[in-house]
Each structure stands twice: as structure tokens, then as C-alpha cells.
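Residue-level listing of the chains:
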Amino acid sequence: MTTTNSRIPVTKAVVPAAGLGTRFLPATKATPKEMLPVVDKPAIQYVVEEAAAAGLSDILMVTGRNKRALEDHFDRAYELEELLARKGDEDRLRRVRESVDLANMHYVRQGDPKGLGHAVSVAEQHVAGQPFAVLLGDDLIDPRDPLLARMIEVQQELGGSVVALMEVDPSQIHLYGCAAVKPNGFGEDVFQVTDLVEKPDTADAPSNYAVIGRYVLDPSVFDVLRETKPGRGGEIQLTDALRELTTRSPETGGQVHGVLFKGRRYDTGDRADYLRAIVRLASEREDLGPEFRSWLREFVASELQD
Ligand code: UTP
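How each quantity is defined
Residue positions within a chain follow its written sequence, with the count starting from 1. Note on the predicted model: pLDDT of at least 70 is required for a residue's local features to be given, and 80 or more for side-chain atom pairs to be given and counted; whole-chain, interface and lining totals, by contrast, use all residues. To get the side-chain values, take all heavy atoms of the structure and skip hydrogens and water. Near is defined per residue: the residue qualifies when any heavy atom it owns lies within 4 Å of the molecule or strand. Two N or O atoms count as a polar contact when they lie within 3.5 Å, although within protein this holds only if one can serve as hydrogen donor and the other as acceptor, and sequence-adjacent residues are included solely when both atoms are side-chain atoms. Where accessible areas are quoted, they stem from the Shrake-Rupley method and a 1.4 Å probe; at the residue level, only the protein chains shown are allowed to cover. Basic side-chain nitrogens of Lys or Arg form a salt bridge, by our definition, when they fall within 4 Å of a carboxyl oxygen of Asp or Glu. Going along the chain from the N terminus, every DSSP run of H or I of four or more residues is numbered as a helix, and every run of E of two or more is numbered as a strand. The buried label goes to any residue with under 20% of its type's maximum accessible area, the exposed label to any with over 50%, and the partly exposed label to all in between, with areas taken from a 1.4 Å probe on protein chains only. Angles shown run from 0 to 180 degrees and are taken between the N-to-C directions of axes, each axis being a line fitted to C-alpha atoms and, for helices, limited to the stretch in contact. Note that the term roughly parallel is reserved for angles under 35 degrees, roughly antiparallel for angles over 145, roughly perpendicular for angles of 65 to 115, and oblique for everything else. Working rule for handedness: look at the near helix, and if it is turned counterclockwise from the far one by less than a right angle, call the crossing left-handed; if clockwise, right-handed. Only heavy atoms matter for contacts: two residues are in contact if any of them lie within 4.5 Å across the pair. Under the grouping applied here, Gly and all other residues not named as nonpolar or charged are polar, the nonpolar ones being Ala, Val, Leu, Ile, Met, Phe, Trp, Tyr, Cys and Pro and the charged ones Asp, Glu, Lys and Arg. Any two rings among Phe, Tyr and Trp, with Trp reduced to its six-membered ring, count as a pair given centres within 6.5 Å; such a pair is stacked if its planes are under 30 degrees apart, edge-to-face if over 60, and tilted if neither. In this description, one arc is meant: the one made by directions from the helix axis to the C-beta atoms. Note that patches include only residues with greater than 30% relative accessible area and no salt bridge, and the join distances are 9 Å for like charges and 5 Å for nonpolar side chains (Val, Leu, Ile, Met, Phe, Trp, Tyr). Buried Ala, Val, Leu, Ile, Met, Phe, Trp, Tyr and Cys residues that are joined via side-chain atoms within 4.5 Å together make up what is termed a nonpolar core. Strand pairing is defined by DSSP finding a minimum of two bridges between the two strands.

1. Points about the site of the ligand
- Taken together, 19 residues lie around the ligand, and G21, T22, E34, Q110 and G115 are the ones closest in.
- One of the backbone nitrogen or oxygen atoms of G21 is found 2.7 Å away from an oxygen atom of the ligand.
- Interatomic distance of 2.7 Å between a side-chain N/O atom of E34 and an oxygen atom of the ligand.
- Considering the ligand on its own, with 580 Å² of exposed area, one finds that the protein chains cover 86% of that surface.

This is the structure:
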């Protein structure tokens, strides 16, 4: 298999966080949905931690309206830190500082939220011709089920672009981008993506492989995005640009591979999944878990009685 850019290491991550978050209104009227807490950390911090854990220390966040909270969260909070230091509250001081030292953060504004494809396109200058990772700011991958490192490995070996795939119930595929795949001989969890469709009806879906919010992209995606017309929902869809890349030759940055993810993942932009993430992560926490689990058991038991 021919490779493109396979020897240029992946060092940069782009985190789109400029969507309107309408499914979460009114909570997201003045606060980005990526700042909603999952237990006691905003969802976006888990995402930045994941990028850093995969060795990506240069992170470009694509922000829009209400960007202040996102930037402030990854910046020093001098007054707060001084107060905690004076009180000798070392534990909280450490937690407040954690987000600051994770990565080198950069920010760019999207202007109008014209879709995920458009959000990625505003990263072109920063990415500067290298393959790069994209992590959606509201998509949470459980840190115990690493995915990004495998995707980077596949990109480095095979070149082209890599998407993350998850098997979903066919009745749910209309909520996702959907991939048609064929084996490519690189391992049981890796496929060649032959086609992509954004949010198909169940009857038209080529498979039940949903594209989830992690990508490692060849920089040729920017040329394609420039030509990509608004698609479903009137938005410039990343799926449409990737579909075009599936048809291009490896020599021109084409080919898309899919890595099958079987771990735990939460769409924190969806209210029900957001609640699942909180319940699961809280009940597994050493500090909160025991008390929360015992309350949860009682609650479930009383619900079953009714
Ligand atoms: P979503 O489609 O889930 O975000 O995009 P949304 O449009 O904010 O959500 P709803 O449907 O209105 O509730 C996935 C990710 O892409 C970002 C979002 O911030 C989210 O992290 N995004 C989406 C952008 O950065 N810009 C866009 O124009 C659209």
C-alpha cells in the first residue's frame, strides 16, 4: 500500500468547539456546551487530556461565540490560585493548575458556525501541511480505552486519513456519518473506507459503522474543504470532504482508513449520553464512587418497586 506523509509525525491536534449546542439549550445560551461539567471537570478538559496522553502537545481550539470560558479554563487563574495557596489547599490548587500545564493551547475563531468541515478548514494555517488529529470537543472517549494512539499509528503506517468507527444499532445510524468499508489486511480493527454518507436513513445506510469524533487527517483535506459545498443541514460537512478523499489516489493525499473502536464513548452534546457519562464516571471515581453507588443502588431499587 502506498503512503503519503507517513514519515511526517503527527504532533498537532485541532479541537472544534464552536458549535451552537442547540440540543442543550438553555444551558448553552451563554456557555459553550464543551464547558458543561462531567462530574467536576468540563467535558473539554477530558478531550485535551486525551490529546496530550497521545503525545499531541500542540492543540488548536476552534472557538466561536462565548469563547472566554474555554480560553480561561486553560489559562492561569492567579487570584484563585493565590487564595488556595494562602489557605494551604494543595489538592484544589493542583486541580486548578492541571488544565494549564496539559498542552500548548492556541485558539482560532470560526466566525459563523458553518459546520464541522468549515471549523476544520480554519485550522489550515496552524496545521501547516502536516497530518493532524481532530478531536471533537463534545465527544468523550474513556481514558481507559485509548483510541487516538492507534489511529496515529495507522496513519503513520498507511498514510492518507483515518476515521474512528463504532458499531451502532442500525436504528441509530441516522444520527452519525456512516462508512462503507472493506478489509485492508492491516489488522482486525482496521478497514479501508470506500464510501461515507452523512446521517443516512437506516434503509440507505451502507453499514452500521458510525463515524465518531476522532480523526487523523492528511492536510490535502484543506484543498477538498475549499471546494466542498454546504451539504446536509446547509452545513459544510467534514464527512463530504472525507468522502471525496476516499476517491482520490494515495499520491494526492487520498485514501481513508477506519479504526474500529469498541470502548466506552459518550456524546456529551446529547443530553441522555451526557447523563450516562456523569453517572458512569462518578460511580467509578475513588472519592465519590462509594457514596454515589450506594445512593444509586437505593434509587434504582425504589424505581423498580414503583
Ligand atoms: P455538533 O453538530 O455536535 O455541534 O458538532 P452543534 O452544532 O454545536 O450541536 P447541536 O446539534 O446544535 O446541539 C460536533 C463538534 O463540532 C463543533 C461543535 O462545537 C462540537 O464540538 N462544531 C460544529 C464547530 O466547531 N463548528 C461548527 O460549525 C459545527
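2. A word on the pattern of salt bridges
- Tallying each qualifying case throughout the model produces 30 salt bridges.
- Taking the shortest distance from any N to any O, the salt bridge between D189 and R150 comes out at 2.8 Å. Pair noted here: D189 is in the loop between strand 9 (177-183) and strand 10 (190-198) and R150 is in helix 7 (residues 148-158), with a separation of 39 residues, a long-range link.
- D189 gets classed as partly exposed once you look at its relative accessible area, which sits at 23%.
- Overall, R150 belongs to the partly exposed group, its relative accessible area being 23%.
- Counted as one network, the salt bridges with shared partners bring together D40, D91, R94, R95, E98, R285 and D287.

3. Quick word on the packing of helix 3 (residues 78-87) against helix 4 (residues 90-98)
- Put simply, helix 3 and helix 4 touch, their axes get as near as 8 Å, and they point 160° apart. If you check the angle between helix 3 and helix 4, you find them roughly antiparallel. Helix-helix and strand crossings are classified by hand; for helix 3 and helix 4 the assignment is left-handed. Here L80, E81, L84 and A85 of helix 3 lie close against helix 4, whose contacting residues are R92, L93, V96 and R97.
- In the contact of helix 3 with helix 4, the residues fall into five nonpolar, no polar and three charged.

4. Some words on the packing of aromatic side chains
- Evaluated as defined, the whole model comprises five aromatic pairs.
- Seen in terms of ring centroids, F292 and W295 are 5.9 Å apart; in terms of plane orientation they differ by 20°. Their pairing is stacked. Of this pair, F292 and W295 both sit in helix 11 (residues 289-305), three residues apart, roughly one helical turn.
- Summarising the aromatic geometry, the rings of W295 and F299 are spaced 5.1 Å apart at their centres and angled 10° between planes, so their arrangement reads as stacked. Of this pair, W295 and F299 both sit in helix 11, four residues apart, which is roughly one turn of that helix.
- Using a relative accessible area of 38% as the deciding quantity, one classes F299 as partly exposed.

5. Section: unusual backbone geometry
- The peptide bond linking L25 to P26 adopts the cis configuration, its omega dihedral lying at 5°.
- One non-glycine residue, V39, lies in positive phi territory at about 65°.
- Within the element layout of this structure, V39 appears in the loop between strand 2 (37-38) and strand 3 (41-42).
- Judged by relative accessible area, V39 falls into the partly exposed class, the value being 23%.
- The phi torsion at Q255 lies on the positive side, around 85°, for a residue other than glycine.
- Note that Q255 resides in the loop between helix 9 (238-247) and strand 12 (256-260).

6. Observations concerning the side chain of T28
- Relative to the helices and strands, T28 is located in the loop between strand 1 (12-17) and strand 2.
- With residues up to four places along the chain from it excluded, the contact list for T28 reads L20, G21, K33, L36, R65 and N66.

7. Remarks on helix 7
- Among the residues of helix 7, those classed as buried are L148, M151, I152, V154, Q155 and L158. Summarising the axial view, the buried residues of helix 7 lie within an arc of 160°, below the 170-degree limit, and thus occupy one face.

8. Details of a nonpolar patch on the surface
- On the surface, a cluster of nonpolar side chains totalling about 430 Å² of accessible area is made up of W295, F299, V300 and L304.
- The residue L304 is located in helix 11 in this model.
- Judged by relative accessible area, which is 69%, L304 ranks as exposed.

9. Brief notes about the nonpolar core
- Ranked by size, the top nonpolar core spans 39 residues in total, and within it I44 and M61 carry the most contacts.
- Of all the secondary-structure elements, those providing two or more residues to this core are strand 1, helix 1 (43-53), strand 4 (58-63), strand 6 (132-135), helix 7, strand 8 (161-167) and strand 11 (209-217).
- No other element matches helix 7, which puts five residues into this core.
- Beyond its immediate sequence surroundings of up to four residues, M61 is in contact with V15, A17, I44, V48, L70, F74, M105, H106, Y107 and V108.

10. Some words on the pairing of strand 9
- Both strand 9 and strand 10 contribute to a ladder of seven bridges, which runs antiparallel. By the bridge assignment for strand 10, A180 is matched with D195.
- A loop of six residues connects strand 9 with strand 10, the two strands running antiparallel in sequence, and G185 in this loop sits at a positive phi of about 75°.
- Here two bridges tie strand 9 to strand 11, and the two strands are oriented antiparallel to one another. Bridge assignment links C178 to a residue of strand 11, and that residue is A210.

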